[in-house]
Every structure is written in C-alpha cells, then in structure tokens.
Amino acid sequence: MDSKRKNIHLINDLPHIYELEDLMAFCGEHKQIYIYGRGEEQEYLLKYLDMCGVAVGGYVVSFLREQEPPFLYRPMPLRRSEEVLGMEGAGIILALPDRHYGKIILIPMFREAGFKDYFVMSEHSKRGIAQQMRPRTQEEMTFEVSLADHCNLSCQMCDHYSQLSEEWFVGMEQFERDMVRMGELYNHKVGAITLLGGEPTLHRDIIECIRITRREFPEGEVIILTNGVLLLALEHSEKGNFWEACREYDVHVSVTVYPIKLDYQAIEAKGKEYGVPVFMSSNIHADQCTRCDKVSDKHVMDLEGRVERFYCVNCLYFNKFNVLKDGRLYMCPVAAHSDIFNRAFGQELELEKRDFLDIYEIGSWEEIAEFACSYTPFCRYCDLKHWGPHSRWKASSRKMEEYV
C-alpha cells in the first residue's frame, strides 16, 4: 500500500487574520459595500460578508455581458464601475485575482476619478476565504470520532481536554448506531474518517470499531490517530490482533511523535511487517513527516465569549474537522468536548442548538457540508488571534493558564 497521506487531510489556506480585521474596519467605515469582480472567489467572499453581517450592494464589473452565468451563491445586482465611483459612502473591495489588475487598470482608473474608497485584498486571503466558505464535495468530507475522551499521556494545552477528562469510552451500541446513520447520510461514501481520542487504543473494542466503520464506509480512508504507546502491545490484545485488523480493513495509522521514551522505529517496522501504512509526525497536519520536537499549540479561550464572528474563517477547524459524538455532529473538538473544560474549571461555556447537528434530524450529507462552512455561536469563545505555537511539549499542569 501507498502510505502517503491523501491531500484531503491538508487544512485550507487560512486568510491573514490582520487583513480580516482591516477588511471589517473598511466595511464599517462605508454606507454601502461593493465587491469588484463576479467569479467564484468573489461569490464566496459575499457569503463570508453575509455571515459577518456586512451589507453588500452588489458586484462591480468592468462590462456587462449579454448573458451572465448563473449565480453560484445568491443573485446580486451588477454595477458598472462608473455607477459606483460616484456613489456617496460607497466602498469597493478589490477581490479580483491579481493578474487582472493590470488588464483592466483598476487602480489607475480609481485614482483618475479621485476615488480612494477601495480595499485591496491579498491573493492569499481571497483564496483562503473562498476555500473556507465553499461547501466541500462528498469526496472531501471528513469526520472524526473519539473512542475515548481520556488519555494515557497528559499533554499541556490539549484541545480535546483529554488530560482533564475522567475515564470515558464511547459505548459500542451508540457507536454502531451513529455509524450506521452516518453511512445512510453519506450513502456510504466519504473522504476520510478518523478514530481518535483522547487515546483510541485504550478502547478494548477498537478492532470492532474499525470493523463497523469499514462496513459502513467500504471506500475512503480510515485513520487511527494515536500517541503510539500501546501499538506494539496490541498485536496480542485480548480482542485480537490490532495490526491484522488494520491490514484486513485497510486502515492507516497516524502516530503523533512526542519527546518520550517510545520505540518509534519498532512501530514503523511493525507496520511494514503487516503491510499497514504508518504515518509519523510531531505535527499531525503536516503533509510530510516532521520528526522535530513536538511543540504545544496554545488554543486561547475568551471565557466571556466576546470574539467577533469574522475571525472564525481563520480557524483550522472551520470547514474541516467535524466531530461525531453521541448522535451529534459538532464543528470542532473544542465545542464537542467543552463539557470536560466546564467541569474541570467550573466554567459555563454554552452550547446552543446551532452549535451542532443532530444526525437523526437531518436528511443528507449536504446539510453537513453547509453546516461545516457556517458560523456557529460557540466560535465566540475561541480567541483565534492569540492561538498558535507556544512552547515545547511537556506534561500538563491541568491549570486554567494553559487556555487563557
């Protein structure tokens, strides 16, 4: 088998967070906002601005065609440049690809008309917003399931709050029922499913979880995301040979590399022995192995829930790592496991109805795709501006300081 990971596991390009702030400030300074250009990226920019509560008057174009193509997102008025340049209080967002600026001489035209109320977006942020706001195709869809909330390591700043969790395993009846339902919603076709935790190898029925997952999703990638501590012992577990099961059901094993005493070479050798793809990295989001020292990311929380909604597209979880737990599908692990955080620190981070989908109340995977690229109220607790690499990995202090 080819052990190289598929591209669907790469996170989207994230727009520049300071550019998002500047864009929102620009929109707030003008009575009416227009978007220059009317292609796919511009339509997803409109969707983003709608999500942020910004009123957009329409698209600005250099010329009107006799027959315009259908709108991808929603119909909007089309205005010629000359119309908008004379409007009082109008602001124009230049959202065309950079290569077009020279052809239609936008900025020289604006300057000649004495028009200064325009905002030039970077190519990176235009692309990033479009990627985040576009519903994924069925082949791109992924979701993850925690087999155990707790862990046999205690990592600082864990965003699944595993080091704070009491012992908890997903019940097999619940797991099978939810997987059957997800199979129905997705017509048994999805890009990838990750079984993780906490630490998934703690679950005594992990082999049965693998079997059920593959039964409901005969195609697509199935991944075990683990710290690797128990992998070698699972060759002779009481419920069977984990490695043989991974080979039989075509499962990939992804091991996060920590600075602990663990024979990673032996794990790789075991994978080769059984023909099971093993991916090892200190950064699970990397395309290639990174064996450098594990760095802990600090996912800073605003306990008052004051984070403005426009920041949400800068999150690596947005439109990507949906979490299935107890019949509900959440945007991300932070929301899905917020009850652990609340119990550990006596907090009351609130989950609203719009923060999850009840998989037994929806009728198609398309509803999941649209939910995944939409704002959820719980996003107000994530201080994305201050998220990022913090320090070398170490054991958790289990104190609030790791998250604020």
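Above this text you will find the structure in question.
This section reports on the structure supplied with the text.

Rules used throughout
- Residues numbered from 1 in each chain as written.
- Predicted model: local features only at pLDDT ≥ 70, side-chain atom pairs only at ≥ 80, totals over all residues.
- Heavy atoms only, no water.
- Helix = DSSP H or I, 4+ residues; strand = E, 2+ residues; numbered from the N terminus.
- Buried < 20%, exposed > 50% of the residue type's maximum accessible area, 1.4 Å probe, protein only.
- Lys, Arg positive; Asp, Glu negative; His and termini not counted.
- Salt bridge = Lys/Arg side-chain N within 4 Å of Asp/Glu carboxyl O.
- Polar contact = N/O pair within 3.5 Å; in protein donor to acceptor, adjacent residues only side chain to side chain.
- Contact = heavy atoms within 4.5 Å.
- Pairing = 2+ DSSP bridges.
- Axes fitted to C-alpha atoms, helices over the stretch in contact; angles between N-to-C directions.
- Expected span 1.5 Å × (residues − 1).
- Phe/Tyr/Trp six-rings, centres within 6.5 Å; stacked < 30°, edge-to-face > 60°.
- Lys NZ or Arg CZ within 6 Å of the ring centre and 35° of its normal.
- Core = buried A, V, L, I, M, F, W, Y, C linked by side-chain atoms within 4.5 Å.

What follows is about the side chain of Asp 159. Within the fold, Asp 159 resides in the loop between strand E6 (142-148) and helix H7 (172-185). Here Asp 159 is buried and forms no salt bridge, its nearest opposite-charge partner Lys 294 lying at an N-O distance of 8.8 Å. In this structure the side chain of Asp 159 is engaged in a polar contact, spanning 3.0 Å, whose partner is the side chain of His 160. With near-sequence residues (within four places) excluded, Asp 159 lies in contact with His 299, Tyr 317, Pro 333 and Val 334.

To continue, consider the pattern of salt bridges. Enumeration according to the criterion identifies 26 salt bridges in this entry. We note a salt bridge from Glu 216 to Arg 215, for which the minimum N-O separation is 2.9 Å. Look at Arg 215 and you get partly exposed, because its relative accessible area is 36%. Of the charged contacts, one joins Glu 235 and Lys 270 as a salt bridge, the two residues approaching to 3.0 Å between their closest N and O atoms. One end of the pair, Glu 235, is in the loop between strand E8 (221-226) and helix H9 (242-248); the other, Lys 270, is in helix H10 (residues 264-274), with 35 residues separating them in the sequence. Neither residue differs from the other here; Glu 235 and Lys 270 are each classed as buried. It is possible to trace a salt-bridge network through shared partners that takes in Arg 38, Glu 43, Arg 65 and Glu 68.

Below, the discussion takes up the sheet that holds strand E10 (residues 278-281). Backbone hydrogen bonds hold the strands of a sheet together, and the pairing may be parallel or antiparallel. Strand order in this open sheet of eight strands is E10-E9-E8-E7-E6-E12-E13-E14, and the pairing throughout is mixed. One side of each edge strand has no neighbouring strand; the edge strands of this open sheet are E10 and strand E14 (356-358). Across this sheet, the average inter-strand angle for adjacent strands is 25°, counted without regard to direction. Sheet analysis places E6 next to strand E7 (residues 192-197), joined by six bridges and oriented parallel. From the neighbouring strand, Ala 148 faces E7, where its bridge partner is Gly 197. Sheet contacts for H7: E6, E7, strand E12 (322-325) and strand E13 (328-330); angle to E6, the most-contacted strand, approximately 175°.

Turning next to unusual backbone geometry. That bond from Gly 197 to Gly 198 is cis: its omega, 25°, falls within 30 degrees of zero. Among the secondary structure elements, Gly 198 is positioned in the loop between E7 and helix H8 (206-216). Backbone geometry at Asn 319 places phi at a positive 60°, although glycine is not the residue there. Among the secondary structure elements, Asn 319 is positioned in the loop between strand E11 (295-298) and E12.

Okay, the sheet that holds strand E4 (residues 90-94) next. With parallel pairing, the five strands of this open sheet are ordered in space as E3-E2-E1-E4-E5. Of all the strands in the sheet, just strand E3 (78-80) and strand E5 (118-120) have a single pairing partner and so form its edges. With strand direction ignored, the average angle separating the axes of adjacent strands in the sheet is 30°.

Take the pairing of E12 next. Residue alternation in E12 divides its side chains into two sets, Asn 322 and Leu 324 and Val 323 and Lys 325, and both sets are buried. Where E6 meets E12, three bridges bridge the pair, whose relative direction is parallel. Bridging across to E12, Phe 143 finds its partner in Asn 322. Relative to E13, E12 runs antiparallel, the two sharing three bridges. The partner of Lys 325 across the bridge, within E13, is Arg 328.

For H7, spanning 14 residues, the distance from its first C-alpha to its last is 20 Å, which sits close to the expected 20 Å at 1.5 Å a residue. Turning to H7, its buried residues are Phe 175, Asp 178, Met 179, Arg 181, Met 182, Gly 183 and Leu 185. For H7, the elements touching its buried residues are E6, E7, H8, E12, E13 and helix H13 (365-372). Just downstream of H7 lies Asn 187, where phi reads positive at about 50°.

This model, assessed by the stated rule, comprises 22 aromatic pairs. Ring centres 5.3 Å apart and planes at 65° place the aromatic pair Tyr 161 and Tyr 403 in the edge-to-face group. On the criterion of sequence distance, the pair formed by Tyr 161 in the loop between E6 and H7 and Tyr 403 in the segment after strand E15 (388-392) is long-range, its members being 242 residues apart. Classification of Tyr 403 by relative accessible area gives buried; the value is 1%. For the pair Tyr 186 and Trp 365, a centre-to-centre distance of 6.5 Å together with 20° between the ring planes defines the contact as stacked. Here the residue Tyr 186 occupies a position in the loop between H7 and E7, and Trp 365 occupies one in helix H13, the gap between them amounting to 179 residues. If you follow Arg 38 out to its NZ or CZ, it ends over the ring of Phe 71, 4.0 Å from the centre.

Judged by nonpolar contacts, the single largest core of 115 residues is most densely connected at Tyr 48, Leu 49 and Phe 143. Look past the residues within four positions of Leu 49 in its chain and what remains in contact with it is Leu 23, Met 24, Cys 27, Ile 35, Val 54, Val 56 and Ile 93. Ranked by size, the runner-up nonpolar core spans 13 residues in total, among them Leu 106, Phe 110, Phe 115 and Tyr 118.

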